[in-house]
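If you want the building blocks of each chain, they are given just below.
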Amino acid sequence: QVQLVESGGGLVQVGESLRLSCEASGRIQSINDMGWYRQAPGTQRELVAEVISGGNTYYADSGKGRFTISKDNAKNTVHLRMNRLKPEETAVYFCRGRGCNNPRGDEYDEWGRGTQVTVSS
């Protein structure tokens, strides 16, 4: 079993920055993909950014140029630096991790419980 724990959310003013972190632990043979998603009330969960094994990254258009995702492989941790935050980015931010549990290749696809980000105008 794999657990993901997010941290770093909070209340900020418009234009300020936040850094979210997510640590994966448990039965981890490999991590193929770690990403950040967000969900505002009444909306669907959407991908914000992800990093795949090898270091390639993807960003939703809304965050390009302002958000940076990075991964610390030694600590099984992914960070999301968000600059110049906007009120419409107020949401619960979730971490997702996918990979293999063991050498047999059994896969996992797990989510954290989320961390609230509130951007006040």
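Above this text sits the structure in question.
Residues numbered from 1 in each chain as written. Predicted model: local features only at pLDDT ≥ 70, side-chain atom pairs only at ≥ 80, totals over all residues. Heavy atoms only, no water.

**Q** How should the state of the cysteines be read in this particular structure?
**A** This structure, assessed with the given rule, holds one disulfide. Bridging Cys 22 to Cys 95, the disulfide has an S-S length of 2.1 Å. The S-S bond linking Cys 22 to Cys 95 shows a torsion near -85°; that makes this disulfide left-handed. Taken together, the residues span a long stretch of sequence, with Cys 22 in strand 3 (residues 18-26) and Cys 95 in strand 9 (residues 91-100) at a distance of 73 residues. For the pair shown, Cys 22 and Cys 95 are each scored as buried. Residue Cys 100 stays outside any disulfide, its sulfur separated by 17 Å from that of Cys 95, the closest cysteine. (Disulfide = S-S within 2.5 Å. Helix = DSSP H or I, 4+ residues; strand = E, 2+ residues; numbered from the N terminus. Buried < 20%, exposed > 50% of the residue type's maximum accessible area, 1.4 Å probe, protein only.)

**Q** Any chance you could explain the sheet that holds strand 8 (residues 77-82) here in plain terms?
**A** The pairing of strands in a sheet comes from backbone hydrogen bonds and takes either a parallel or an antiparallel form. The four strands are arranged 1-3-8-7 in an open sheet whose pairing can be described as antiparallel. Since the sheet does not close on itself, it has two edges, and those belong to strand 1 (2-7) and strand 7 (67-72), each with one partner. Sheet twist, expressed as the average angle between the axes of neighbouring strands with direction ignored, equals 15°. Strand direction decides the pairing type here: strand 1 and strand 3, joined by six bridges, are antiparallel. Within the sheet, the bridge partner assigned to Gln 3 lies in strand 3 and is Ser 25. (Pairing = 2+ DSSP bridges. Axes fitted to C-alpha atoms, helices over the stretch in contact; angles between N-to-C directions.)

**Q** Would you take a moment to explain the environment of Gly 97 for this structure?
**A** For Gly 97, the position within the fold is in strand 9. Classification of Gly 97 by relative accessible area gives buried; the value is 2%. Sequence-distant contacts of Gly 97, defined by excluding residues within four places in its chain, comprise Leu 4, Asp 33, Met 34, Tyr 108, Asp 109 and Glu 110. (Contact = heavy atoms within 4.5 Å.)

**Q** I'm lost on the nonpolar core in this one. Help?
**A** One recurring pattern in soluble globular proteins: nonpolar side chains tend to sit buried together. Core analysis: the biggest nonpolar cluster contains 26 residues, and Met 34, Trp 36, Ile 69, Val 78, Leu 80, Met 82 and Tyr 93 have the highest contact counts within it. Elements with a contribution of two residues or more to this core: strand 1, strand 3, strand 4 (30-39), strand 5 (46-52), strand 7, strand 8, strand 9 and strand 11 (115-120). Broken down by element, the residue count for this core peaks at four residues, all from strand 3. (Core = buried A, V, L, I, M, F, W, Y, C linked by side-chain atoms within 4.5 Å.)

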